[in-house]
Amino acid sequence: TQLLEQSPQFLSIQEGENLTVYCNSSSVFSSLQWYRQEPGEGPVLLVTVVTGGEVKKLKRLTFQFGDARKDSSLHITAAQPGDTGLYLCAGVSAGGTSYGKLTFGQGTILTVHP
Amino acid sequence: GAGVSQSPRYKVAKRGQDVALRCDPISGHVSLFWYQQALGQGPEFLTYFQNEAQLDKSGLPSDRFFAERPEGSVSTLKIQRTQQEDSAVYLCASSFWTGAPYNEQFFGPGTRLTVL
């Protein structure tokens, strides 16, 4: 069974602070994705990382994929209240009959206070 | 809009009742997934369709859960004899099967099921 461990589970910070969320896998997926979910809505894709050591930036968000492709991190610089939400990492499975199936971590609930 | 829609958005059922949850994927999307999300947790995979074929149902928790997509578009997730542990948000996602690793799934808003 492939598992994704995400930490921390909860994060409460002040506006302007930096933060990092971690995602560790027991095995290798074909790629790893980060999603953000707002209350009452489905998850929305932020980024996909594929190559070991890959770094992607999306405005104030920086995503890293570990060299062994088993761990990833999401770093937010100068957090804003609009960043509040549930952040999810997900491993993408390839091959067999589950092409594209997602295995999610437990999620990190981020609250940014003004 | 052109996104994934789900209905109903909220469903309250008495223990033992049968429920049916509907998903309208984005037009032309080949792949359709169902996930179950408990409160404060990440979604968990239930089942996967490629067009009308159900290729993976390994995540369905019991034989009370049944899903179909008879014409390769709209899908229905049915839960028979609901139990309290079935209370969760049920998410549907579709994708234009571009294949891993850049497969992007578009999620609906979910159906929140509460079993009393």
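Below or above, wherever it landed, is the structure these notes cover. These numbers come from a predicted model, not from an experiment. (Residues numbered from 1 in each chain as written. Chains lettered and ligands numbered in written order. Predicted model: local features only at pLDDT ≥ 70, side-chain atom pairs only at ≥ 80, totals over all residues. Heavy atoms only, no water.)

**Some points on the side chain of B:Arg69**
Residues and elements named next belong to chain B.
- Structurally, Arg-69 is set in the loop between strand E7 (65-68) and strand E8 (75-79).
- For the buried Arg-69, no salt bridge is present, and the opposite-charge side chain at shortest range is Glu-52, 7.2 Å distant.
- From its side chain, Arg-69 meets the backbone oxygen of Val-30 in a polar contact 2.7 Å long.
- Looking at Arg-69, its side chain comes within polar contact range of the main-chain oxygen of Asn-51, at 3.1 Å.
- Those residues in contact with Arg-69 that lie beyond four places of it in its chain are Pro-25, His-29, Val-30, Ser-31, Leu-32, Phe-49, Gln-50, Asn-51, Glu-52, Val-74 and Ser-75. (Helix = DSSP H or I, 4+ residues; strand = E, 2+ residues; numbered from the N terminus. Buried < 20%, exposed > 50% of the residue type's maximum accessible area, 1.4 Å probe, protein only. Lys, Arg positive; Asp, Glu negative; His and termini not counted. Salt bridge = Lys/Arg side-chain N within 4 Å of Asp/Glu carboxyl O. Polar contact = N/O pair within 3.5 Å; in protein donor to acceptor, adjacent residues only side chain to side chain. Contact = heavy atoms within 4.5 Å.)

**A closer look at the sheet that holds strand E8 (residues 71-76) of chain A**
Residue and element names in this part refer to chain A.
- Pairing within the open sheet is antiparallel, and its 5 strands lie in the order E1-E3-E8-E7-E6. Lying at the two open borders of the sheet, with one neighbouring strand each, are strand E1 (4-7) and strand E6 (55-58). Adjacent strand axes in the sheet meet at a mean angle of 15° when their direction is disregarded.
- Here 6 bridges tie strand E3 (residues 19-25) to E8, and the two strands are oriented antiparallel to one another. Note on E8: the bridge partner recorded for Leu-19 is Ile-76. (Pairing = 2+ DSSP bridges. Axes fitted to C-alpha atoms, helices over the stretch in contact; angles between N-to-C directions.)

**Thoughts on the interface of chain B and chain A**
- The partner chain A presents 28 residues to the 25 residues of chain B that form the contact.
- For the pair chain B and chain A, the two sides together bury roughly 2,000 Å², of which 56% comes from carbon and sulfur.
- At the junction of chain B and chain A, the tally comes to 6 residue pairs in polar contact (both at pLDDT 80 or more).
- Secondary-structure elements contributing two or more residues to the side of chain B that touches chain A are strand E4 (31-37), strand E5 (44-50) and strand E6 (53-56) of chain B.
- Take the side of chain B that touches chain A: its biggest share by element is 3 residues, from E4(B).
- Classifying every residue of the side of chain B that touches chain A gives 13 nonpolar, 9 polar and 3 charged. (Buried area = accessible area lost by both parts, 1.4 Å probe. Nonpolar A, V, L, I, M, F, W, Y, C, P; charged D, E, K, R; others polar.)

**Quick look at the state of the cysteines**
All names here are of chain A.
- Here the structure, examined in full by the defined rule, presents 2 disulfides over all chains.
- Disulfide pairing places Cys-23 opposite Cys-89 at an S-S distance of 2.1 Å. Taking the torsion about the S-S bond as the criterion, the Cys-23 to Cys-89 disulfide, at about 75°, is right-handed. Here Cys-89 lies in strand E9 (residues 85-92) and Cys-23 lies in strand E3, a separation of 66 residues in the sequence.
- Its relative accessible area of 0% is what places Cys-23 among the buried residues. (Disulfide = S-S within 2.5 Å.)

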